[in-house]
2 protein chains.
Amino acid sequence: MKYGRAASSGPECGVERTLTVIGGKWTTLVLRELLAGTRRYSDLKRALGRVSPKTLTERLRHLEAEGLLTRTVHAEVPPRVEYTLTPHGESLGEIIAAMGRWGAAHRPAGATAEAERA
Amino acid sequence: MKYGRAASSGPECGVERTLTVIGGKWTTLVLRELLAGTRRYSDLKRALGRVSPKTLTERLRHLEAEGLLTRTVHAEVPPRVEYTLTPHGESLGEIIAAMGRWGAAHRPAGATAEAERA
DNA sequence: CGGAATCCCATGGGATACTG
DNA sequence: CAGTATCCCATGGGATTCCG
């Protein structure tokens with residue numbers, strides 16, 4: 001998801017920077033899962049359902065590179081690897097929460113505003 | 001960006017539904033632009049910078065299909081087409097705003113938390 | 001258990017040219 | 001002006017198999 005410099009309303013717009021970090025379906029979903037607490041690789045895999053190991057690892061590595069989570073390998077057998085959000089990663093909670101709220105309120109059906117009032 | 005059923009923490013999770021709507025780089029950027037007000041096709045193209053006409057049209061059609069914006073064709077010459085967010089589309093403002101804030105605060109440099117306190 | 005390796009597909013997106 | 005029409009590429013993601 002490469003792109004040159006910001007060319008939108010505000011140069012160096014924050015939205016674009018955010019998109020390069022949490023762009024992509026699984027990325028966001030992984031974050032949402034980790035916002036609930038530390039998770040092991042297999043926990044994430046199970047929670048996310050139909051994600052391939054390749055994709056999951058890829059996204060986790062990406063998030064780690066961005067400094068959003070830490071990967072802890074426990075030297076035991078069987079191996080245990082845990083992923084935990086850094087404060088930096090937790091700061092994304094606001095965005096994820098907003099997305100969750102919107103998605104819950106604006107369901108395809110149309111029971112949107114009514115559902116909120118009820 | 002298709003996917004079966006929700007398999008994450010909460011079944012039918014709102015986050016996933018939101019992702020199917022605003023997933024993608026340009027989609028979000030278009031929304032951010034329109035949150036500032038009605039825009040013509042050429043306005044958007046100029047504001048977004050390096051977006052191809054194909055992509056822009058594609059995303060606009062997608063958003064229209066989702067009921068997030070309305071497309072108004074003015075029967076004049078030269079043609080004028082305006083895009084305006086529906087209330088439904090405007091309700092995404094909270095998410096976009098959160099993304100903007102996060103991106104602004106967590107810049108690569110590292111002047112993150114400090115910038116927020118200042 | 002937690003991946004790495006490999007192969008393949010779908011889709012978003014880019015560049016360019018052309019038109020109602 | 002506001003697209004449409006092609007063609008092509010990059011990347012996210014899927015499925016499967018194998019390994020330390």
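Residues numbered from 1 in each chain as written. Chains lettered and ligands numbered in written order. Predicted model: local features only at pLDDT ≥ 70, side-chain atom pairs only at ≥ 80, totals over all residues. Heavy atoms only, no water.

The name an unreviewed UniProt entry assigns to chain A is DNA-binding HxlR family transcriptional regulator, from the organism Deinococcus budaensis.

## Overview of the protein's contact with DNA strand D
Put simply, the rule is: The near set for a molecule or strand comprises every residue that places at least one heavy atom within 4 Å of it. Polar contact is the term for a pair of N or O atoms within 3.5 Å; when the atoms are in protein, one must be able to donate a hydrogen and the other to accept it, and sequence-neighboring residues count only if both atoms are side-chain atoms. Each residue receives one of three labels: charged for Asp, Glu, Lys and Arg, nonpolar for Ala, Val, Leu, Ile, Met, Phe, Trp, Tyr, Cys and Pro, and polar for the others, Gly being one of them.
The immediate surroundings of DNA strand D are formed by 23 residues, with Lys54(A), Ser42(B), Thr57(B), Arg71(B) and Tyr83(B) found nearest. Sugar plus phosphate: this is where 65% of the atoms of DNA strand D within 4 Å of the protein reside. Side-chain polar atom of Trp26(A) to a phosphate oxygen of DNA strand D: 3.3 Å apart, as the coordinates give it. Within the contact set of DNA strand D, a phosphate oxygen lies 3.0 Å away from a side-chain nitrogen or oxygen of Arg61(B). Residues belonging to the surface near DNA strand D are distributed by class as follows: nine nonpolar, five polar and nine charged.

## Thoughts on the protein's contact with DNA strand C
The following threshold applies: Numbering of helices and strands starts at the N terminus; helices are DSSP runs of H or I of at least 4 residues and strands are runs of E of at least 2.
DNA strand C sits among 22 residues. The nearest are Ser42(A), Arg71(A), Tyr83(A), Lys54(B) and Thr55(B). Sugar plus phosphate, as a fraction of atoms of DNA strand C within 4 Å of the protein: 67%. Here a phosphate oxygen of DNA strand C and a side-chain polar atom of Arg61(A) are 3.0 Å apart. Residue Lys54(B) places a side-chain N or O atom 2.5 Å away from a base oxygen belonging to DNA strand C. Of all elements in the fold, only helix 3 (41–48), helix 4 (53–65) and strand 3 (80–85) of chain A together with helix 2 (25–34) and helix 4 (53–65) of chain B reach the threshold of two or more residues within the surface near DNA strand C. Across the surface near DNA strand C, the residue classes break down as nine nonpolar, four polar and nine charged.

## Regarding the sheet that holds strand 3 of chain A
All names here are of chain A. Convention followed: If DSSP finds at least two bridges between two strands, the strands pair. Note on contacts: a residue pair is in contact if any heavy atoms of the two residues lie within 4.5 Å. To obtain an axis, a line is fitted to C-alpha atoms, over the contacting stretch when the element is a helix, and the angle between two such axes runs from 0 to 180 degrees between their N-to-C directions.
Ordered by their spatial adjacency, three strands build an open sheet running 1-3-2, and the pairing between neighbours is antiparallel. One side of each edge strand has no neighbouring strand; the edge strands of this open sheet are strand 1 (39–40) and strand 2 (69–74). Bridging between strand 2 and strand 3 involves six bridges; their strand directions are antiparallel. Counterpart to Val-73 in the pairing with strand 3 is Val-81. Contacting strand 1, strand 2 and strand 3, helix 2 (residues 25–34) runs over the sheet at an angle of about 90° to strand 3. Against the sheet, helix 4 contacts strand 2 and strand 3, and its axis sits at roughly 115° relative to strand 2.

## Comments concerning helix 2 of chain B
Cut-off, in case you're wondering: Relative accessible area decides the class of each residue, using a 1.4 Å probe on protein chains only: under 20% of the type maximum gives buried, over 50% gives exposed, and in between gives partly exposed.
When you tally the buried positions in helix 2 of chain B, you get 10 out of 10 residues, the bulk of the element. Buried within helix 2 of chain B we find Lys25(B), Trp26(B), Thr27(B), Thr28(B), Leu29(B), Val30(B), Leu31(B), Arg32(B), Glu33(B) and Leu34(B).

## As for the pairing of strand 3 of chain A
Residue and element names in this part refer to chain A. Burial of strand 3 is one-sided: the residues Val-81, Tyr-83 and Leu-85 facing one way are buried, the residues Arg-80, Glu-82 and Thr-84 facing the other way are not. Taken together, the two bridges between strand 1 and strand 3 define a ladder with antiparallel strand orientation. For Arg-39, the partnering residue across the bridge sits in strand 3 and is Tyr-83. If you look at the hairpin formed by strand 2 and strand 3, you'll find five residues sitting between the two strands.

## Quick notes on the packing of helix 6 (residues 93–105) of chain A against helix 6 (residues 93–105) of chain B
For clarity, the cut-off: In this scheme, roughly parallel covers angles under 35 degrees and roughly antiparallel covers those over 145, while 65 to 115 is roughly perpendicular and the rest are oblique.
With their axes 9 Å apart at the nearest point, helix 6 of chain A and helix 6 of chain B run at an angle of 170° to one another. By the angle between their directions, the pair helix 6 of chain A and helix 6 of chain B is classed as roughly antiparallel. Here Glu94(A), Ile95(A), Ala98(A), Met99(A), Arg101(A) and Trp102(A) of helix 6 of chain A come into contact with helix 6 of chain B, specifically with Glu94(B), Ile95(B), Ala98(B), Met99(B), Arg101(B) and Trp102(B).

## What to know about the sheet that holds strand 2 (residues 69–74) of chain B
Residue and element names in this part refer to chain B. Pairing in this open sheet of three strands is antiparallel, and the strands run 1-3-2 from one edge to the other. Each end of this open sheet is capped by a strand with a single partner; those strands are strand 1 (39–40) and strand 2. Contacts between helix 2 and the sheet are confined to strand 1, strand 2 and strand 3 (80–85), with strand 3 contributing the most and set at about 90° to the helix. Sitting on the sheet, helix 4 is in contact with strand 2 and strand 3, with an inclination near 115° to strand 2.

## Topic: the nonpolar core
Inclusion rule: What makes a nonpolar core is a set of buried Ala, Val, Leu, Ile, Met, Phe, Trp, Tyr and Cys residues whose side-chain atoms join them at distances within 4.5 Å.
Counting residues in hydrophobic clusters, the biggest one holds 54 residues, and the most contacted among them are Ile95(A) and Ile95(B). Leaving out residues up to four positions away in the same chain, Ile95(A) has contacts with Thr18(A), Ile22(A), Ala98(B), Met99(B) and Trp102(B).

## Side note on helix 1 (residues 14–22) of chain A
Of all nine residues in helix 1 of chain A, eight are buried; the element is thus mostly enclosed. Among the structural elements, helix 2, helix 4 and helix 6 of chain A together with helix 2 and helix 6 of chain B are those in contact with the buried residues of helix 1 of chain A. Gly24(A) lies just past helix 1 of chain A and shows a positive phi near 105°.

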